[in-house]
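# Structural features, examined
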Amino acid sequence: MDGAAGPGEGPAQEALQSLSQRLRVQEQEMELVKAALAEALRLLRLQASSTSLQDSGTPAPIRDSSSAVPPGLPHTCSPSLVSRGTQTEVEIEPSPGTPGLSNGPPAPQGGTEEPSGTQSEGGGSSSSGTGSPGPPGILRPVQPPQRTDTPRRNSSSSSSPRPRQKLSRKAASSANLLLRSGSTESRGGKEPLSSPGGPGSRRSNYNLEGISVKMFLRGRPITMYIPSGIRSLEELPSGPPPETLSLDWVYGYRGRDSRSNLFVLRSGEVVYFIACVVVLYRPGGGPGGPGGGGQRHYRGHTDCVRCLAVHPDGVRVASGQTAGVDKDGKPLQPVVHIWDSETLLKLQEIGLGAFERGVGALAFSAVDQGAFLCVVDDSNEHMLSVWDCSRGVKLAEIKSTNDSVLAVGFSPRDSSCIVTSGKSHVHFWNWSGGAGVPGNGTLTRKQGVFGKYKKPKFIPCFVFLPDGDILTGDSEGNILTWGRSPSDSRTPGRGGAKETYGIVAQAHAHEGSIFALCLRRDGTVLSGGGRDRRLVQWGPGLVALQEAEIPEHFGAVRAIAEGLGSELLVGTTKNALLRGDLAQGFSPVIQGHTDELWGLCTHPSQNRFLTCGHDRQLCLWDGEGHALAWSIDLKETGLCADFHPSGAVVAVGLNTGRWLVLDTETREIVSDVTDGNEQLSVVRYSPDGLYLAIGSHDNMIYIYSVSSDGAKSSRFGRCVGHSSFITHLDWSKDGNFIMSNSGDYEILYWDVAGGCKQLKNRYESRDREWATYTCVLGFHVYGVWPDGSDGTDINSLCRSHNERVVAVADDFCKVHLFQYPCARAKAPSRMYGGHGSHVTSVRFTHDDSHLVSLGGKDASIFQWRMLGAGGAGPAPATPSRTPSLSPASSLDV
């Protein structure tokens with residue numbers, strides 16, 4: 001399949017030839033720059049006595065046949081200098097009847113260098129030096145480069161010496177003249193005169209009447225050329241888009257690493273959580289489609305939810321979140337929210353500032369109308385506290401244990417009795433409320449004694465029986481019965497003498513740990529196993545009555561909740577939610593990934609999308625039925641994917657340099673190819689389906705020609721020229737060109753049809769129309785970058801098919817919606833939370849009716865509904881590229 005490489009032509013030889021060619025080009029550039037500067041100095045001496053020239057601001061013609069004007073630039077330019085602190089840029093400005101200076105030698109085969117004087121975006125900076133803007137018509141000499149302390153950064157995963165060496169060579173050629181049009185008067189005092197800030201700075205410099213804008217990421221200049229149809233940046237949209245997003249569906253369930261995460265409300269809704277969202281799921285025949293149910297969402301939390309508790313009234317819910325950090329690195333305090341499941345309104349906020357790392361476990365009191373809430377903190381001492389739910393005040397607090405606490409609960413017969421269990425312990429607590437005075441209550445502990453029974457490593461769960469006994473499930477697979485025995489009657493307590501608990505019976509129930517116990521309405525008990533994945537129903541005396549086994553691909557039993565009638569809800573360790581009973585078995589109603597997600601693509605003609613990630617699963621989702629259509633095991637980490645325009649096949653890039661093509665109906669692998677030995681970050685079919693581009697971390701883009709059905713491919717060529725790993729790429733609408741971004745903030749353009757050649761003159765690509773826009777760097781989207789960005793703050797970006805809005809996935813758990821084009825610094829957006837980790841990817845469905853976003857570490861998939869202008873319906877047959885000039889929306893961001 002690879003027919004491009006000839007005999008004896010290895011990667012090392014190709015790289016050496018490429019470096020030698022670059023060195024020759026840069027030597028030619030330096031010679032031309034020296035000649036241009038010598039001519040400029042000569043002209044300055046000739047014109048020094050001409051006072052009329054300074055009054056009029058019109059420069060004398062520069063007669064130099066050797067300095068040719070690059071194609072596409074105005075033929076008449078006058079030089080002007082703009083100083084920005086330690087950076088000095090020479091700008092060429094238009095003036096009637098004046099030829100300009102060339103910034104580089106003629107490229108081979110008649111090509112020319114781009115107007116910016118750099119071969120790639122972000123690869124070099126302006127010459128260092130000091131100075132101030134001179135009068136029009138005076139070209140000051142460019143100062144020799146000076147060393148600065150501003151670090152240059154490729155990305156968090158690119159720190160090898162090779163890219164750094166390439167960047168240093170690019171910096172050596174940055175003495176090229178930076179060409180830009182625009183009058184000195186139009187800049188006035190608005191042109192920034194200071195250098196970019198520190199390593200985290202992001203600055204934008206532009207001329208309203210110019211042909212380019214420049215932004216800085218970590219001190220690196222990135223020049224972007226303004227399309228010819230835009231006369232002024234002021235005519236671009238300036239407000240947030242009229243479209244909005246509404247959370248439609250959340251795929252996934254957090255069962256892998258959490259407990260107390262599955263309950264059934266009085267309304268029959270199932271309540272569970274993932275990321276920062278608490279989901280209320282309505283099983284069966286709801287608005288989600290046949291059998292798909294429906295969802296509502298409580299979204300009051302600012303970080304990941306870790307535990308739930310349902311009030312005895314079956315309506316109120318308490319949810320505890322972990323501690324986190326905001327976008328500035330400041331800590332966010334963990335807290336408990338008590339909210340109404342019918343209205344989704346927050347009723348009380350418990351413990352803000354009182355918890356250290358997060359809320360590990362929760363429980364409402366079963367008597368006293370559920371007036372009290374018990375909370376276990378995730379701090380080193382695992383602080384145990386009791387709170388008044390209605391007033392939100394703390395009644396008692398005590399250090400629990402240095403060992404992890406996995407479960408907590410009030411006795412259903414007496415609120416003064418609290419039980420906790422966890423690593424190697426069961427603790428029985430006596431709480432005296434202190435007459436309701438905040439802080440006056442006391443908690444005293446009695447430790448459960450195992451005696452002749454083996455002390456287990458963990459006790460993950462327990463349940464109170466109607467007769468007052470307690471059952472505990474442990475890591476040895478045993479169920480222990482703790483019975484009551486009267487203690488010293490001198491011990492005071494509510495309702496008379498207090499009682500202690502001792503082990504009265506043991507039953508071996510499962511192979512491996514017992515993760516869940518559930519008391520059913522008929523008095524029987526259900527236990528859920530880890531290693532054996534069994535559900536067992538137990539009668540009086542721990543006699544096994546019935547059992548069922550969960551299929552292996554769903555994982556172990558994590559939580560059990562009783563639904564209507566004999567129906568059971570089971571949460572698993574592989575983030576699935578199952579529905580069924582012991583007799584008929586179980587089927588999934590909610591499924592999700594179990595590890596970090598990165599790959600996402602949407603079907604070209606159906607409301608379906610595909611995801612892949614570090615759990616090695618490739619999943620196709622039905623966006624209308626809100627269900628998993630199919631999944632396969634890739635055996636390796638999947639990082640990127642793209643559908644062929646026909647939708648018949650999908651290409652998937654892996655972390656080993658392999659990429660697969662699969663038939664979307666049969667799920668069979670029709671092609672298996674390896675390019676290099678580094679991870680692939682992007683795969684993208686051309687809009688006509690004739691080519692497939694594959695961006696790798698080896699700094700190359702591999703191009704394959706593809707058969708009409710997408711099943712067969714053969715190597716067409718390689719795009720070689722990036723100085724760091726490929727991050728994003730897009731095809732032009734005619735399928736002949738590619739725009740690509742890399743880890744060191746380059747923007748390069750490639751002529752694929754012409755032989756995978758790099759287009760040196762990037763200025764000529766300013767008006768090219770792109771079939772998709774997912775590159776995070778470019779003129780049309782540079783306004784999405786926040787101030788102070790370090791270049792990694794935006795993980796993914798996607799323009800809608802109707803070309804009205806652009807969605808952005810950032811590193812701070814947020815999804816943004818901007819107007820398109822977004823070419824104003826500090827552009828306002830509509831911001832949406834819910835993810836509990838960095839958002840890794842966003843994509844619009846084929847008709848722009850929905851947006852899909854992926855959470856990274858939280859393994860969540862959010863499906864958002866597009867509302868407002870352009871939020872639904874198919875995209876126009878020929879989308880207009882002209883920016884809307886209608887007044888900006890006045891809605892708040």
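This section reports on the structure supplied with the text. Since the model is a prediction, treat every value here as computed from it, not as a measurement.

Okay, the overall build of the chain next. For the chain, the count of helices and strands is 4 helices and 59 strands. Per-residue burial for the chain yields a buried fraction of 57% across its 893 residues. Contacts spanning at least 24 positions in sequence make up 53% of the contacts within the chain whose residues lie at least 6 apart. Looking at the chain as shown, the accessible area adds up to about 34,900 Å², and 51% of this sits on carbon and sulfur atoms.

Here the focus is the sheet that holds strand β49 (residues 726-731). The strands making up a sheet associate through hydrogen bonds between their backbones, and the pairing can be parallel or antiparallel. A sheet is described by the order of its strands in space; here 4 strands give the open sequence β49-β50-β51-β52, paired in antiparallel fashion. Only two strands of the sheet have a single neighbouring strand rather than two, namely β49 and β52 (757-758). When strand β51 (residues 747-751) meets β52, the two strands line up antiparallel, connected through 2 bridges. Bridge assignment links Asp-751 to a residue of β52, and that residue is Lys-757.

We now examine the environment of His-337. Relative to the helices and strands, His-337 is located in strand β15 (residues 336-340). Exposure remark for His-337: the relative accessible area of 2% places this residue in the buried category. Sequence separation between His-337 and Gln-348 is 11 residues, and the spatial gap between their C-alpha atoms is 6.0 Å. Once residues lying within four places of it in the same chain are set aside, the contact partners of His-337 are Tyr-298, Gly-300, His-301, Val-317, Ala-318, Ser-319, Lys-346, Gln-348 and Glu-349.

A separate point is unusual backbone geometry. In terms of backbone geometry, most residues other than glycine have negative phi values and most peptide bonds are trans. A cis amide bond, omega -5 degrees, links Tyr-820 with the succeeding residue Pro-821. Residue position: Pro-821 is located in the loop between β55 (815-819) and β56 (830-832). The phi dihedral of Ser-424 falls on the positive side, at around 60 degrees, and the residue is not glycine. Here Ser-424 is to be found in the loop between β22 (417-422) and β23 (425-432). According to the relative accessible area criterion, Ser-424 is partly exposed, its value standing at 23%. A positive phi angle is found at Lys-826, which is not glycine, with a value near 55 degrees. Summarising the element assignment, Lys-826 is placed in the loop between β55 and β56.

Right, let's talk about the packing of aromatic side chains for a bit. Taken as a whole and judged by the stated rule, the model has 21 aromatic pairs. Centroid distance Phe-779 to Tyr-782: 6.2 Å. Interplanar angle 40 degrees. Geometry classified as tilted. When its relative accessible area of 4% is taken as the criterion, Phe-779 is described as buried. Here Tyr-782 falls in the buried class, since its relative accessible area comes to 1%. Aromatic rings pair up to connect Phe-428, Phe-450, Trp-482 and Tyr-501 into one cluster. Lying over the aromatic face of Phe-737, Arg-768 brings its terminal NZ or CZ to 3.7 Å of the ring centre.

Strands sit in the order β17-β18-β19-β20 across an open sheet of 4 strands; the sheet is antiparallel. Sheet topology places β17 (359-364) and β20 (393-398) at the edges, where each strand pairs with a single neighbour. Across the sheet, the axes of successive neighbouring strands diverge by a mean angle of 20 degrees, strand direction being ignored.

This part is about the pairing of strand β18 (residues 372-377). By the criterion of burial, β18 is predominantly enclosed, with 6 of the 6 residues buried. Of the two faces of β18, the one carrying Phe-372, Cys-374 and Val-376 and the one carrying Leu-373, Val-375 and Asp-377 are both buried. Note: β17 against β18, 5 bridges, orientation antiparallel. Counted as the bridge partner of Phe-364 is Leu-373 from β18. In the sheet, β18 pairs with strand β19 (residues 384-388) via 5 bridges, with the strands oriented antiparallel.

We now examine the pattern of salt bridges. Within the structure shown, the criterion is met by 28 salt bridges. As a salt-bridge pair, Arg-316 and Asp-313 come within 2.9 Å of each other at their nearest N and O atoms. Judged by its relative accessible area of 31%, Arg-316 falls in the partly exposed class. A salt bridge links Lys-826 to Asp-787, with the shortest nitrogen-to-oxygen separation between them at 3.3 Å.

Our focus in this paragraph is the environment of Gly-834. Tracing the backbone through its elements, the reader meets Gly-834 in the loop between β56 and β57 (839-844). The spatial distance from the C-alpha of Gly-834 to the C-alpha of Thr-302 is 7.7 Å, given a sequence separation of 532 residues.

Among the nonpolar cores identified, the biggest contains 42 residues, and Leu-262 and Tyr-272 are the most heavily contacted of them. With 5 residues, strand β6 (residues 244-251) is the single largest residue contributor to this core. Discounting chain neighbours no more than four positions away, the residues touching Tyr-272 are Gly-252, Tyr-253, Asn-261, Leu-262, Val-277, Val-278, Val-279, Tyr-281, Gln-295, Leu-308, Leu-577 and Ile-590. Counting residues in each nonpolar core, the second largest holds 33 residues, with Leu-217, Ile-230, Leu-233 and Val-776 among its members.

Here Thr-481 is to be found in strand β27 (residues 478-486). The class for Thr-481 is buried, based on a relative accessible area of 9%. Apart from residues lying up to four places away in sequence, Thr-481 is in contact with Asp-469, Ile-470, Leu-471, Gly-502, Ile-503, Val-504, Ala-505 and Leu-542.

A few words now on the environment of Lys-574. Assignment of secondary structure puts Lys-574 in the loop between β34 (568-572) and β35 (577-581). The spacing of Lys-574 and Gly-592 is 18 residues in sequence and 7.6 Å in space, taken between C-alpha atoms. The residues contacting Lys-574, other than those within four sequence positions of it, are Glu-552, His-553, Phe-554, Gly-555, Gly-592 and Thr-594.

Further remarks concern the state of the cysteines. By the definition in use, this model includes 0 disulfides. Cys-304 provides the cysteine sulfur closest to Cys-276, a residue in no disulfide bond, and the two sulfurs are 4.8 Å apart.

Our next topic: the pairing of β19. In terms of burial, β19 is a largely internal element, 5 of the 5 residues being buried. Neither face of β19 is open: one carries Leu-384, Val-386 and Asp-388, the other Ser-385 and Trp-387, and all of them are buried. If you look at the hairpin formed by β19 and β20, you'll find 4 residues sitting between the two strands, and Gly-392 has a positive phi there, around 70 degrees.

What counts and how
Residues numbered from 1 in each chain as written. Predicted model: local features only at pLDDT ≥ 70, side-chain atom pairs only at ≥ 80, totals over all residues. Heavy atoms only, no water. Helix = DSSP H or I, 4+ residues; strand = E, 2+ residues; numbered from the N terminus. Buried < 20%, exposed > 50% of the residue type's maximum accessible area, 1.4 Å probe, protein only. Contact = heavy atoms within 4.5 Å. Areas by Shrake-Rupley, 256 points an atom, 1.4 Å probe, with all protein chains shown as cover. Pairing = 2+ DSSP bridges. Phe/Tyr/Trp six-rings, centres within 6.5 Å; stacked < 30°, edge-to-face > 60°. Lys NZ or Arg CZ within 6 Å of the ring centre and 35° of its normal. Axes fitted to C-alpha atoms, helices over the stretch in contact; angles between N-to-C directions. Salt bridge = Lys/Arg side-chain N within 4 Å of Asp/Glu carboxyl O. Core = buried A, V, L, I, M, F, W, Y, C linked by side-chain atoms within 4.5 Å. Disulfide = S-S within 2.5 Å.

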